[in-house]
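# Chains, contacts and geometry: an overview
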Amino acid sequence: MLRRGLVAGPDFEYFQRRYFTPAEVAQHNQPEDLWVSYLGYVYDLTPLAEKYKGKGHTLGQRRGGCLGMPGSWVASIDGGCSFPGDLLLKPIVEVAGQDISHWFDPKTRDIRKHIDPLTGSLRYRTLRGRFLHVPPQLPRSDWANDFGKPWWQGSHYKVGRLSAKTRNIRIINTLTSQEHTLEVGALESMWEILHRYLPYNAHAASYTWKYEGRNLNMECTLEENGIQDEEEEFDSLNMDGTLHTPAILLYFNDDLTEL
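So, a few notes on the structure that sits alongside this text.

What counts, and at which threshold
Residues numbered from 1 in each chain as written. Predicted model: local features only at pLDDT ≥ 70, side-chain atom pairs only at ≥ 80, totals over all residues. Heavy atoms only, no water. Buried < 20%, exposed > 50% of the residue type's maximum accessible area, 1.4 Å probe, protein only. Helix = DSSP H or I, 4+ residues; strand = E, 2+ residues; numbered from the N terminus. Contact = heavy atoms within 4.5 Å. Polar contact = N/O pair within 3.5 Å; in protein donor to acceptor, adjacent residues only side chain to side chain. Salt bridge = Lys/Arg side-chain N within 4 Å of Asp/Glu carboxyl O.

## A word on helix α4 (residues 190-197)
- Among the eight residues that make up α4, eight are buried, leaving the element largely enclosed by the rest of the structure.
- Within the span of α4, buried status applies to Met-190, Trp-191, Glu-192, Ile-193, Leu-194, His-195, Arg-196 and Tyr-197.
- Packed against the buried residues of α4 are β1 (19-20), α1 (22-26), β13 (166-173), β14 (178-185), β15 (207-211) and β17 (247-252).

And the structure:
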C-alpha cells in the first residue's frame, strides 16, 4: 500500500481496522479463509483450520484397532484409536462466515452447557456435533488435552469488533465525478471509512472530505460529524430508506501521498 508521505493522519500501511460488518465476515466462508463472529467480536479461525486439517487426534493406545468405538473413529498407525481432525473441524467449517453467538453463554463467554442424559454430567452443548477442543462424551484418561486454552477462549484469533449497526454512505469524487456506495459501521471514524474507500481511490487522503459544505473531522464518526442516521425516521413514515443515502463530497487538494 502507498505510504502517506506528507498527508496528516494514520499510516495506512500499518492501520488496523476496529470494526467489521456482517457482510464482510460472510465473505470469509471457506476452510482456507475462515472467519466467524460471536458475542460482538470477529475471529479469524483460518490458522486453527490449517493446524488441524487432516490430522487425527489420538485418544487411546489400546492395541487391536477400534473395536466397539463409533463408526467415525479410525485406527491410528500405532494401533490406537483416533478421531479425524477434519471431522472435528466440520461443525466449524459449516458456520464459516456466520455469527455463532447462539453457541455461547453471554455471561460466562463459554460454550453453552447442559446435563448429558447418558452420563448425568455437565457437558458442552454442541448441536452440530463435537468440535475441536470439546472433550469426548465419556471421561477418558487418555484424552489429549494438552492444547492449552480452547480456541474460543482468549483473544488469539480476534481481529476486531462486529458492527452491531451498519449504514450506507455515498462518496463522490468531485474531481472525477466517480461515486461509490459503502456499507460502514455506525461507530467507525472517518479515518476507518477512508481506509475502506482506498481500494477505489488509493490517494483518498489527499482530498478534503466535506458534507453539506462542512469539513469533516476525520477522528469522529458520521453521527458526530452531523451525518444523522435517518433509518428509524424513514421506517416510522413507511418510506424506503434506501431512496436517500447521505453523500460525502471529496475535493482534491494535492497528491502528497507519493512524497
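## Considering unusual backbone geometry
- Although it is not a glycine, His-133 sits at a positive phi angle of roughly 75°.
- Relative to the helices and strands, His-133 is located in the loop between β11 (122-124) and β12 (158-162).
- Phi at Glu-212 takes a positive value of approximately 50°, unusual for a residue other than glycine.

## Quick word on the environment of Arg-167
- Checked against the element boundaries, Arg-167 lands in strand β13.
- Under the relative-accessibility criterion, Arg-167 is labelled buried at 7%.
- Setting aside residues no more than four positions away along its own chain, Arg-167 makes contact with Leu-182, Glu-183, Val-184, Leu-222, Glu-223, Ile-227, Gln-228, Asp-229 and Pro-246.
- Side-chain polar atoms of Arg-167 contact the backbone oxygen of Ile-227, separated by 2.9 Å.
- Within the structure, Arg-167 has its side chain in polar contact with the backbone oxygen of Gln-228 (distance 2.9 Å).

## What to know about the pattern of salt bridges
- Evaluation of the coordinates by the stated rule reveals ten salt bridges.
- Between Arg-18 and Glu-192 there is a salt bridge, with the nearest N and O atoms lying 2.8 Å from each other. Of the two residues, Arg-18 is situated in the segment before β1 and Glu-192 in helix α4; the sequence distance between them amounts to 174 residues.
- With relative accessibility at 42%, the residue Arg-18 sits in the partly exposed group.
- Accessibility expressed as a relative area gives 3% for Glu-192, which makes it buried.

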